[in-house]
Amino acid sequence: MSVTFDAEKKIWYGPTKEYTYGNLGVAEVIFTFLKNNPEHVAQISDDTGKVYTSKAILKAAISFAQVLKAKNVGKNDNVLSLMDNHHYMMPAWLGVTFAGAVLCPFAMTDNSVKEEISDIVDQVQPKIFITSRLDLVDYFKSIFKNLNLDCPIYIYENTIDGCHDLKPLLEQDVDIDAFEVPKVENSAKDIVMLTLSSATTGKPKLINTTHMQVIAGLPTDFGKVIIASTNKPGWSAENNLAFGCLTQPYTRVITAKDQTIDEFLELIDRHKVNIVSIKPKDIYAAIRSPTIKTVDLSHLKMVGSSGQHLSTKIADEFQSYMTGGTVVNVYGTSDVGIAITQIVFGKTKPGSVGQINANVTLRIVSESGENLGVNEMGEIYVKCNVPFAGYYKNEKMTKEALDEEGFYRTADIGYVDAEGNVFLVDRKKFLISYGGEFLNQSEIEKIVLEHVKGVEAVCVVDVEHSEYNVIPIICIIPEKGVTLNEQEIIDTVHKNYNRKFYTKVFFVDDMPMTLSGKFKKYMVRDQILKMNNGKI
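Just so you know, the residues in each chain are numbered from 1, in the order the chain's sequence is written. This being a predicted model, a pLDDT of at least 70 is required before a residue's local features are given, and a value of 80 or more before pairs of side-chain atoms are given or counted; all residues contribute to the totals for chains, interfaces and linings. Values shown for side chains rest on all heavy atoms present in the structure; no hydrogens or waters enter the calculation.

A. The pattern of salt bridges, seen in detail. Every case where a carboxyl oxygen of Asp or Glu lies within 4 Å of a side-chain nitrogen of Lys or Arg is listed as a salt bridge. If you walk through the whole model with that rule in mind, you get 16 salt bridges. A salt bridge links Asp84 to Lys232, with the nearest nitrogen and oxygen atoms 3.5 Å apart. Of this pair, Asp84 sits in the loop between β5 (78–82) and α3 (89–98) while Lys232 is found in the loop between β12 (225–229) and α7 (236–244), placing the two residues 148 residues apart along the sequence. To sort residues, take the accessible area from a 1.4 Å probe on protein chains only and compare it with the maximum for the residue type: under 20% means buried, over 50% means exposed, and anything in between is partly exposed. Classification of Asp84 by relative accessible area gives buried; the value is 16%. Each of Asp84, Lys232 and Asp258 takes part in salt bridges that share partners, so that together they form one network. Each helix is a run of DSSP H or I of at least 4 residues and each strand a run of E of at least 2, with the numbering of both proceeding from the N terminus.

B. Broad picture of the environment of Val51. Within the fold, Val51 resides in strand β4 (residues 51–53). In the structure, Val51 is positioned 39 residues away from Trp12 in sequence and 45 Å away in space, judged by C-alpha atoms.

C. Geometry of unusual backbone geometry. In the Ramachandran plot, Glu157 falls in the positive-phi region, its phi being about 55° despite a non-glycine side chain. Here Glu157 falls in the partly exposed class, since its relative accessible area comes to 49%. A positive phi angle, close to 65°, is found at Asn359, a residue other than glycine. In this structure Asn359 comes out as buried when scored by relative accessible area, which is 18%.

D. Up close: the sheet that holds strand β25 (residues 455–465). At least two DSSP bridges between two strands are required for those strands to pair. If you trace the 3 strands from one edge of the open sheet to the other, you get β25-β26-β27, paired in mixed fashion. Each edge of the sheet is formed by a strand with only one pairing partner; in this case those strands are β25 and β27 (504–507). Averaged over all neighbouring strand pairs, the angle between strand axes comes to 25°, with direction disregarded. As paired elements, β25 and strand β26 (residues 469–478) share 10 bridges and run antiparallel to each other. To obtain an axis, a line is fitted to C-alpha atoms, over the contacting stretch when the element is a helix, and the angle between two such axes runs from 0 to 180 degrees between their N-to-C directions.

E. Fine view of helix α5 (residues 137–146). Taken as a whole, α5 has its buried residues at Val137, Phe140, Ile143 and Phe144. Buried residues of α5, viewed axially, fall in a sector of 120°; they line one side. Of the exposed residues in α5, those oriented more than 90 degrees away from the buried face are Asp138, Lys145 and Asn146. Whether two residues touch is decided by their heavy atoms; if any such pair falls within 4.5 Å, the residues are in contact. Each element contacted by the buried residues of α5 is listed here: β5, α4 (117–124), β7 (128–131) and β8 (153–155). Here, the arc refers to the directions that run from the helix axis to the C-beta atoms.

F. View of the pairing of strand β21 (residues 408–416). Counting buried positions along β21 yields 7 of 9 residues, so the element is predominantly enclosed. Two strands pair when backbone bridges link them, and strand β20 (residues 378–384) and β21 are joined in this way by 4 bridges, in the antiparallel orientation. Paired with Tyr381 across the bridge in β21 is Arg409.

G. Highlighting the side chain of Glu379. Mapped onto the elements of the fold, Glu379 is located in strand β20. A residue is classified by how much of its surface remains accessible, and Glu379, at 10% relative accessible area, is buried. The term polar contact refers here to a pair of N or O atoms within 3.5 Å; inside protein, the definition further demands a hydrogen-donor-capable atom paired with an acceptor-capable atom, and it admits residues adjacent in sequence only when both atoms are side-chain atoms. Separated by 2.9 Å, the side chain of Glu379 and the backbone nitrogen of Ala411 make a polar contact.

H. Structural context of the environment of Glu28. For Glu28, the location among the structural elements is in helix α1 (residues 26–36). Among all residues touching Glu28, those that are not within four sequence positions of it are Asn23, Val181, Pro182, Lys183 and Val184. Only 2.8 Å separates the side chain of Glu28 from the backbone nitrogen of Gly25, close enough to count as a polar contact. Here the side chain of Glu28 touches Lys183 through a polar contact of 3.3 Å, side chain to side chain.

I. Looking closely at the packing of aromatic side chains. Each pair of aromatic rings taken from Phe, Tyr and Trp, with Trp reduced to its six-membered ring, is defined by centres within 6.5 Å and is described as stacked if the planes are under 30 degrees apart, edge-to-face if over 60, and tilted in the remaining cases. With the rule as written, the count across this model stands at 19 aromatic pairs. Seen from their ring centres, Phe106 and Phe140 are 6.4 Å apart, and the 40° between their planes marks the pair as tilted. With a gap of 34 residues between them, Phe106 in the loop between β6 (102–105) and α4 and Phe140 in helix α5 connect regions that are remote in the sequence. The pair Phe106 / Phe140 is uniform in exposure class, with both members buried. Through a chain of ring-to-ring contacts, the aromatic side chains of Phe106, Phe129, Tyr139, Phe140 and Phe144 assemble into a single cluster. Note that Lys50 overlies the ring of Tyr52, its terminal NZ or CZ placed 5.4 Å from the centroid. Only lysine NZ and arginine CZ atoms are considered, and such an atom sits over a ring when it is within 6 Å of the ring centre and within 35 degrees of the ring normal.

Here is the structure:
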């Protein structure tokens with residue numbers, strides 16, 4: 001079935017797909033697959049060589065679940081996790097789920113805004129904290145102390161005073177057949193995870209993620225494949241991928257070390273990876289790396305890019321190194337929990353993020369709140385058969401995210417063509433009103449990445465200006481040892497954008513990031529203003 005359009009109501013409907021899991025929870029689905037496929041190689045740690053079969057993961061997860069239950073950690077309790085992709089991360093995560101508790105995973109980069117962490121911890125009120133970030137243990141100890149929170153810290157092969165050892169908790173004797181998998185009361189309402197919003201324009205929000213949301217997003221049609229990712233655990237898409245790889249005959253290749261793009265390309269070659277989950281910035285880096293010309297990518301079937309817009313030019317250039325695979329741009333939001341569009345191979349138009357996904361209803365809405373028609377640009381509203389679960393303990397914010405008909409306001413600007421292909425223009429908050437027209441921050445960023453050599457990262461923000469009211473400022477982290485010229489960059493942007501505008505370029509060593517690894521635009525703006533005594 002294809003996308004249909006109700007011309008009278010001006011609403012698009014994705015194809016209908018039956019949900020076949022009934023009222024099962026994540027633990028039940030994963031347990032069934034792992035138990036029925038005990039010798040399947042589910043996980044390979046590239047950095048240590050540690051291999052986990054389905055049976056090994058299952059035994060370690062049950063072991064941890066039994067320990068948690070003995071410590072009275074279970075239903076409605078939150079378990080905080082800040083872990084790199086070590087071999088023991090997935091058994092620990094699964095153990096939390098097997099105990100019936102709520103997993104709260106998040107990531108931090110060196111540039112993450114640590115001041116926001118205390119607020120998150122205060123909201124979560126975790127019963128325990130599992131981490132592999134030894135450099136942050138004292139920091140979290142101080143947070144727990146300031147919040148008067150009794151939260152024990154667990155570390156694999158612990159050597160830090162005041163912390164506990166996770167390793168023996170994963171190695172208890174277990175009887176798989178005797179283990180009782182926790183059941184859910186309502187898979188559409190019961191929470192399995194709390195995930196963080198990207199928070200590029202403000203503080204991060206804690207998003208309720210239900211069992212049904214995770215299960216509905218599970219990949220089911222790839223067959224026996226090897227999967228790898230450049231994304232950090234804690235990011236919504238990576239969390240779902242980690243669980244999804246335990247429900248199908250997939251082998252997930254992981255590493256706990258911070259990889260360069262060259263090392264990741266070599267990992268793909270070494271393990272003959274078939275499917276890759278990757279951010280656009282990593283694709284940009286890959287096609288500029290000489291390593292891409294020396295590795296074999298012929299076994300890649302699909303490269304899925306998500307988190308930001310990916311230009312067709314960059315996607316095509318990466319795909320040229322693949323023999324028969326395809327680069328796809330996945331469009332969704334952490335809040336809704338499942339992909340909004342799907343790539344239809346051979347049919348998706350260049351520049352589109354795909355056709356409206358199964359069980360998704362979509363509207364394009366004008367500034368005045370009216371539904372718009374084919375090829376008319378406005379804000380994208382979506383509604384799925386898997387209910388939006390809302391924000392953690394925040395009914396007000398949950399209600400504000402929905403319209404009166406239950407459609408979720410994405411804050412993305414775009415349009416839909418006659419065939420149901422969705423085209424993204426930009427985030428609503430990232431458009432700059434300049435001279436009566438809108439400038440697209442994402443498009444400027446793409447131009448810099450595509451056409452300026454020596455750029456490690458770029459972030460465009462809007463800044464008030466005495467003459468032009470608001471102008472875009474281009475913030476760039478140059479590659480090490482590279483000197484860039486401001487005027488050459490501005491000329492390149494003007495040459496490739498559809499109009500000229502006043503702008504400035506600033507070169508910085510780093511920029512503040514969200515917990516999910518995106519640049520925090522309002523703080524980047526403050527960073528630039530401080531560099532210039534509050535004025536541009």
